[in-house]
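Tertiary structure, described
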Amino acid sequence: MVFEAIVSGVILLALGYWATMFVMGRRDDVLHGKFVEDEPAAEPVRFMPRMQPAPQPNKDSLQALLTVIKRDLNDAARS
């Protein structure tokens, strides 16, 4: 019983693969077992320019951020 289930599963898997390739338009693969090579792209690939690095924070902005974090921590500790 298990052997028949395994054989049926393999056959169903093969049929599913065949149907998928046929629907995708890869009929040469389906009919002859030949794998079709992809054609190279007509246009060259354009690369995205590098992103500008983020500006470095100065001492005043870091101090203000630290003050806000300390205030939030104190508020959280009180509640």
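Since the model is a prediction, treat every value here as computed from it, not as a measurement. (Residues numbered from 1 in each chain as written. Predicted model: local features only at pLDDT ≥ 70, side-chain atom pairs only at ≥ 80, totals over all residues. Heavy atoms only, no water.)

**Comments concerning the overall build of the chain**
- Regarding its fold elements, the chain presents three helices and zero strands.
- Ordering the α and β elements of the chain from the N terminus gives α-α-α.
- Within the chain, the proportion of its 79 residues that are buried is 4%.
- Just so you have it, the chain exposes about 8,200 Å², and 65% of that area is on carbon and sulfur atoms. (Helix = DSSP H or I, 4+ residues; strand = E, 2+ residues; numbered from the N terminus. Buried < 20%, exposed > 50% of the residue type's maximum accessible area, 1.4 Å probe, protein only. Areas by Shrake-Rupley, 256 points an atom, 1.4 Å probe, with all protein chains shown as cover.)

**Concerning the pattern of salt bridges**
- Scanning the model with the defined rule gives one salt bridge in all.
- Between D75 and R78 there is a salt bridge, with its nearest N and O atoms 3.9 Å apart. Pair noted here: D75 and R78 are both in helix α3 (residues 59–78), with a separation of three residues, about one helical turn.
- With a relative accessible area of 40%, D75 lands in the partly exposed category. (Salt bridge = Lys/Arg side-chain N within 4 Å of Asp/Glu carboxyl O.)

**Some words on a nonpolar patch on the surface**
- Side chains of F3, V7, I11, L12 and L15 sit close together on the surface and give an oily, nonpolar patch of about 520 Å² of accessible area.
- The residue I11 is located in helix α1 (residues 2–23) in this model.
- Exposure remark for I11: the relative accessible area of 47% places this residue in the partly exposed category. (Patch = residues over 30% accessible without salt bridge, like charges linked within 9 Å, V, L, I, M, F, W, Y side chains within 5 Å.)

**Concerning the confidence of the model for the chain**
- Per-residue pLDDT for the chain averages 80, and the proportion of residues at 70 or more is 75%.
- Confidence scores differ between elements of the chain, with helix α2 (residues 27–32) showing the lowest mean pLDDT of 58 and α3 the highest of 92. (pLDDT = per-residue confidence, 0-100.)

**Side note on the environment of S79**
- Within the fold, S79 resides in the segment after α3.
- Of note is the side chain of S79, whose polar atom sits 3.0 Å from the backbone oxygen of D75. (Polar contact = N/O pair within 3.5 Å; in protein donor to acceptor, adjacent residues only side chain to side chain.)

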